[in-house]
Amino acid sequence: MCIFLLNADLLSLGKEFRAAHACGKRVFVHMDLARGVGKDKEGVQVLKSIGADGMISTRTSLLKQAKECGLHTVLRVFIMDSHAGDIAVQAAKTAGADMLEIMPGIVPKMITRISSQVQVPVIAGGLIETPEEVMTALGAGASAISSGNQALWQLPAMGEKMI
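This write-up is about the structure you can find in this document. What you see is a predicted model, and the numbers here were worked out from it, not measured in a lab. (Residues numbered from 1 in each chain as written. Predicted model: local features only at pLDDT ≥ 70, side-chain atom pairs only at ≥ 80, totals over all residues. Heavy atoms only, no water.)

Remarks on the sheet that holds strand S4 (residues 72-78)
The strands that make up a sheet pair up through hydrogen bonds in the backbone, lying either parallel or antiparallel. As summarised here, the arrangement of the 7 strands in space is S1-S2-S3-S4-S5-S6-S7, forming an open sheet in which the pairing is parallel. At either margin of the open sheet sits one strand with a lone partner, and together these are strand S1 (2-5) and strand S7 (144-146). Neighbour-to-neighbour, the strand axes of the sheet open up by a mean angle of 25°, direction not taken into account. Contacting S4 and strand S5 (99-103), helix H4 (residues 82-95) crosses the sheet at an angle of about 165° to S4. (Pairing = 2+ DSSP bridges. Helix = DSSP H or I, 4+ residues; strand = E, 2+ residues; numbered from the N terminus. Axes fitted to C-alpha atoms, helices over the stretch in contact; angles between N-to-C directions. Contact = heavy atoms within 4.5 Å.)

Okay, structure coming up:
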């Protein structure tokens with residue numbers, strides 16, 4: 001199981017990484033939202049050096065740098081229309097990310113379409129609030145969901161290890 005830290009700050013990351021690793025969890029940091037960390041190769045190296053397992057970003061250049069540093073990567077895309085879906089498929093193919101997070105995660109039609117066109121696990125994220133929405137996203141082809149709703153964190157794990 002992975003933890004996605006969306007609003008992380010550099011001063012608390014080491015402590016959060018140690019706590020998560022002690023529980024057997026991998027930690028991914030959303031680089032675009034992290035405070036106190038440069039949005040460049042050196043910032044990626046800092047995250048790696050203090051214990052990050054992976055990085056989330058909307059920026060393909062940052063994801064490529066993270067891959068070079070040995071981090072797992074998640075490309076986060078926002079789907080607002082069909083054209084955005086086409087762009088997401090192309091970005092996933094060129095970024096070389098390990099996983100693709102589609103937002104909002106409550107659009108099963110787009111999850112099905114995009115997951116059939118990429119060769120990486122698809123994560124459904126955003127606006128997922130109920131166990132039924134989790135099941136709908138997974139049934140549409142998502143490999144996992146991301147949610148800030150802690151009640152959903154208690155659902156039994158399903159499926160296989162992604163990375």
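With respect to the packing of aromatic side chains
Geometrically, a pair of aromatic rings is defined through the distance of the ring centres and the angle of the planes. All chains considered together, the criterion is met by 1 aromatic pair. Residues Phe-4 and Phe-28 carry aromatic rings whose centres are separated by 5.5 Å and whose planes lie at 50° to one another, so their mutual orientation is tilted. With Phe-4 in strand S1 and Phe-28 in strand S2 (residues 26-30), this pair connects stretches of sequence that are 24 residues apart. (Phe/Tyr/Trp six-rings, centres within 6.5 Å; stacked < 30°, edge-to-face > 60°.)

So, a nonpolar patch on the surface
A cluster of nonpolar side chains, namely Leu-10, Val-46 and Ile-50, defines an oily patch on the protein surface of about 180 Å² accessible area. A residue is classified by how much of its surface remains accessible, and Leu-10, at 30% relative accessible area, is partly exposed. (Patch = residues over 30% accessible without salt bridge, like charges linked within 9 Å, V, L, I, M, F, W, Y side chains within 5 Å. Areas by Shrake-Rupley, 256 points an atom, 1.4 Å probe, with all protein chains shown as cover. Salt bridge = Lys/Arg side-chain N within 4 Å of Asp/Glu carboxyl O. Buried < 20%, exposed > 50% of the residue type's maximum accessible area, 1.4 Å probe, protein only.)

Side note on helix H3 (residues 60-68)
Among the residues of H3, Leu-62, Leu-63 and Ala-66 are the ones counted as buried. The buried residues of H3 occupy one face: seen down the axis, they fall within an arc of 100°. Turning to H3, the residues buried within the fold contact helix H2 (41-49), strand S3 (54-57), S4 and H4. Once H3 finishes, Gly-70 follows within two positions and takes phi at roughly 90°, a positive value. (Arc of directions from axis to C-beta.)

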